[in-house]
Amino acid sequence: MIIQENIPLSAYTTFKIGGPARFFCTVKNEEELVEAVKFAHEKGITDATSSGAHLPFFVLGGGSNLLVSDDGFPGLIIKNEIRGVTTELDIESVTSESGFKFVSAGSGEIWDDIVAYTVDRGLFGIENLSAIPGTVGATPVQNIGAYGAEASHTISSVRALDTKDFDPAMPKFVELSNTECKFGYRDSIFKHEPGRYIISRVTFKLSKKGDVTMNYKDTRDYFNDKKILKPSIAEMRRAIVEIRTSKLPDWSKLGTAGSFFKNPYVSAVKFAELKAKYPTLPGFPEPDGRVKISLGWIFDKACNARGLMIGNAGTYEKQALVLVAKPGAKAVDVKAVADELITRVKEKTGIVIEPEVEWVG
Ligand SMILES: Cc1cc2nc3c(=O)[nH]c(=O)nc-3n(C[C@H](O)[C@H](O)[C@H](O)COP(=O)(O)OP(=O)(O)OC[C@H]3O[C@@H](n4cnc5c(N)ncnc54)[C@H](O)[C@@H]3O)c2cc1C
């Protein structure tokens, strides 16, 4: 494993933004991962500026949910390329039981390759999460979700290096169950204890038979138009890819990290108050009594957010929830757009919205 210095992070994020990492390494297996964390610990002890604490480290997957500071990152970036070893796509089918199959993937695998792999084998469960950029290891972190599906619905367990009380001579790998991951809406234990767990493998429990999830208007409309009553799993994947392509920017061409903010949850009382002001505001009641509201609608109808530009950053023309960065944009520009949106939503609705995209720096 090679440790490099002063590596620009703009090449490693889908925003194509970010200053240099003081140190940077790529890890391809669990041994290299331990070595990387060991480096951060040792460097911290010998480094005059760190007063004995370990050098900060940050695990980077595909960089598709990050906004990296223009000043870069002052510690070690650990770029995760851990893959499995046993099959064509480095995925192991660990075991199978009646009606289900467990698929275990190295955390550095490209997420959409795993979705394609499972769809090809007729396994149900993650097809609605097709075409989400990034790596397998990040999927439990923010519990990725789209079109009525969430990673937490199929994650069986997560293997991770526990870096708390790290001892390079006795590195501790743990296997966290679905319950132990404490999944919520774009949330998990990995967000509450940032940096503690470095995920090396994720195991998904997928169904061998079943129906695809159609509880989302976009997918229902798509199949109604095509007069397909009972889509196959492959048809659903194709539909999701087509719908996403028509609605989202192509991150290989235009800097973005997808939806920049989480949809807010409000109490039923607050929702009624907002409905009185905005009668057509869509709301989705949750079992716990709260109502999830559409931030895209608030941006469009209440905040006039489409077309907002600051420097070379702004909202995407087809969906204001998605922030985009044109060539030359800086992290501060994107942050200024985000701050402006937070202010507008607070003024119009009283709600304080939270970013889904993580600030690194
Ligand atoms: C065009 C576009 C569309 C998107 N659409 C969606 C969507 O529909 N739904 C959705 O949920 N998200 C969406 N996203 C956001 C993003 O793709 C997901 O959050 C994705 O899971 C991030 O993966 P990554 O590998 O790029 O993670 P990164 O951005 O590199 O990292 C994200 C976080 O995960 C941590 N992390 C990464 N790997 C590991 C690991 N092995 N161990 C521990 N921590 C780790 C990082 O430290 C960081 O905290 C979209 C992004 C883009 C650009």
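Residues numbered from 1 in each chain as written. Predicted model: local features only at pLDDT ≥ 70, side-chain atom pairs only at ≥ 80, totals over all residues. Heavy atoms only, no water.

Trainee: Is there a simple way to think about helix 2 (residues 111-120) in this case?
Mentor: Residues spaced three or four apart along an α-helix point in a common direction, a consequence of the helix completing one turn every 3.6 residues. Of all 10 residues that make up helix 2, 7 are buried, and the element is covered over most of its length. Among the residues of helix 2, Trp-111, Asp-112, Ile-114, Val-115, Tyr-117, Thr-118 and Val-119 are the ones counted as buried. Where helix 2 ends, the next residue or the one after it, Gly-122, has phi of about 70 degrees, a positive value. (Buried < 20%, exposed > 50% of the residue type's maximum accessible area, 1.4 Å probe, protein only. Helix = DSSP H or I, 4+ residues; strand = E, 2+ residues; numbered from the N terminus.)

Trainee: Just to check I follow, could you spell out the layout of surface pockets for this structure?
Mentor: One simple way to see leftover space: roll a probe sized like a water molecule over the atoms. When its volume is computed, the second largest pocket comes out at roughly 200 Å³. Lining the second largest pocket we find Tyr-185, Lys-262, Asn-263, Pro-264, Tyr-265, Arg-290, Ile-351, Val-352, Ile-353 and Glu-354. For the lining of the second largest pocket, the per-class residue count stands at 6 nonpolar, 1 polar and 3 charged. (1 Å grid on protein atoms, 1.4 Å probe; cavity = no way out; pocket = protein on both sides within 12 Å on 5 of 7 lines; lining within 4 Å. Points joined across faces, edges and corners; volume = space filled by probe spheres on them. Nonpolar A, V, L, I, M, F, W, Y, C, P; charged D, E, K, R; others polar.)

Trainee: Sorry, what's going on with the packing of aromatic side chains here?
Mentor: Pairs of aromatic rings are described using the distance from one ring centre to the other and the angle between the two planes. In the structure shown here, the tally under the stated rule is 12 aromatic pairs. Relative to Tyr-265, the ring of Tyr-185 has its centre 5.3 Å away and its plane inclined at 70 degrees; by these criteria the two rings are edge-to-face. With Tyr-185 in the loop between strand 11 (172-177) and helix 3 (189-192) and Tyr-265 in strand 14 (residues 265-266), this residue pair connects regions lying 80 residues apart in the sequence. Residue Tyr-185 is classed as buried on the basis of its relative accessible area of 18%. With a centroid separation of 5.3 Å and an interplanar angle of 65 degrees, the aromatic rings of Phe-260 and Phe-261 are classed as edge-to-face. On the basis of relative accessibility, which here comes to 4%, the residue Phe-260 falls in the buried class. (Phe/Tyr/Trp six-rings, centres within 6.5 Å; stacked < 30°, edge-to-face > 60°.)

Trainee: For this particular structure, what's the right way to read the pairing of strand 10 (residues 155-162)?
Mentor: Two faces make up the sheet, and in a regular strand the side chains alternate between them. Extensive coverage of strand 10 is indicated by the burial of 6 of its 8 residues. Summarising the sheet, strand 10 and strand 12 (residues 197-207) pair through 7 bridges and their orientation is antiparallel. Residue Val-158 lies in a different strand from strand 12, and its bridge partner there is Val-202. Sheet analysis places strand 10 next to strand 11, joined by 6 bridges and oriented antiparallel. Directly across from Ala-160, in strand 11, lies its bridge partner Val-174. (Pairing = 2+ DSSP bridges.)

Trainee: Quick question: what am I supposed to make of the domain arrangement of the chain here?
Mentor: Interfaces are often sized by the amount of accessible area the parts lose when they come together. Taken as a whole, the chain is organised into domain 1 (4-80), domain 2 (91-207), domain 3 (217-247) and domain 4 (255-360). Here the C-alpha centre of domain 3 lies 40 Å away from the C-alpha centre of domain 1. (Domains from an automatic or database assignment.)

Trainee: Would you explain the packing of helix 7 (residues 295-302) against helix 8 (residues 331-349) in this entry?
Mentor: The packing of two helices is summarised by the inter-axis angle and the distance between the axes. At a minimum axis distance of 11 Å, the contact between helix 7 and helix 8 shows a crossing angle of 80 degrees. Taken together, the axes of helix 7 and helix 8 are roughly perpendicular relative to one another. Packed against helix 7, whose contacting residues are Leu-295, Ile-298, Phe-299 and Ala-302, the element helix 8 presents Leu-341, Val-345, Lys-348 and Thr-349 at the interface. (Axes fitted to C-alpha atoms, helices over the stretch in contact; angles between N-to-C directions. Parallel < 35°, antiparallel > 145°, perpendicular 65-115°, else oblique. Contact = heavy atoms within 4.5 Å.)

Trainee: Please clarify how the pattern of salt bridges should be interpreted in this entry.
Mentor: Once their charged atoms are close, side chains differing in charge can pair, the charge on each being opposite to the other. If you walk through the whole model with that rule in mind, you get 19 salt bridges. Between Asp-218 and Lys-247 there is a salt bridge, with the nearest N and O atoms lying 2.7 Å from each other. Of this pair, Asp-218 sits in helix 4 (residues 217-225) while Lys-247 sits in helix 5 (residues 233-247), and the two are 29 residues apart along the sequence. By relative accessible area, Asp-218 is classed as partly exposed at 21%. (Salt bridge = Lys/Arg side-chain N within 4 Å of Asp/Glu carboxyl O.)

Trainee: Can you walk me through the sheet that holds strand 5 (residues 73-80) in this structure?
Mentor: Strand pairing within a sheet occurs via backbone hydrogen bonds; the two strands may be parallel or antiparallel. Read across the open sheet, the 4 strands follow the order 1-2-5-3; overall the sheet is mixed. Every other strand in the sheet has two partners, leaving strand 1 (4-8) and strand 3 (57-60) as the edge strands with one partner each. Here the average twist between neighbouring strands, direction ignored, is 40 degrees. Looking at chain direction, strand 3 and strand 5 are connected through 4 bridges and run parallel. In the strand pairing of strand 5, Phe-58 is matched with Ile-77.

Trainee: Even after reading the chapter, I still don't get the site of the ligand, so can you show me in this structure?
Mentor: Near the ligand there are 33 residues, and of these Val-59, Gly-62, Ser-64, Thr-135 and Glu-358 occur at the shortest range. Within the complex, 93% of the 980 Å² of free accessible area of the ligand lies under protein. Residue assignment for the shell around the ligand shows that the elements contributing at least two residues are strand 3, strand 8 (145-146), strand 12 and strand 13 (255-259). Tallied by class, the residues present in the shell around the ligand amount to 14 nonpolar, 15 polar and 4 charged. (Near = heavy atom within 4 Å. Areas by Shrake-Rupley, 256 points an atom, 1.4 Å probe, with all protein chains shown as cover.)

Trainee: Would you explain the side chain of Thr-118 in this entry?
Mentor: Mapped onto the elements, Thr-118 comes out in helix 2. Take Thr-118: its relative accessible area is 1%, and that puts it in the buried class. Among the polar contacts listed, one links the side chain of Thr-118 to the backbone oxygen of Val-115, at a separation of 2.8 Å. Excluding residues that lie within four positions of it along the chain, Thr-118 makes contacts with Val-103, Leu-123, Ile-126 and Leu-206. (Polar contact = N/O pair within 3.5 Å; in protein donor to acceptor, adjacent residues only side chain to side chain.)

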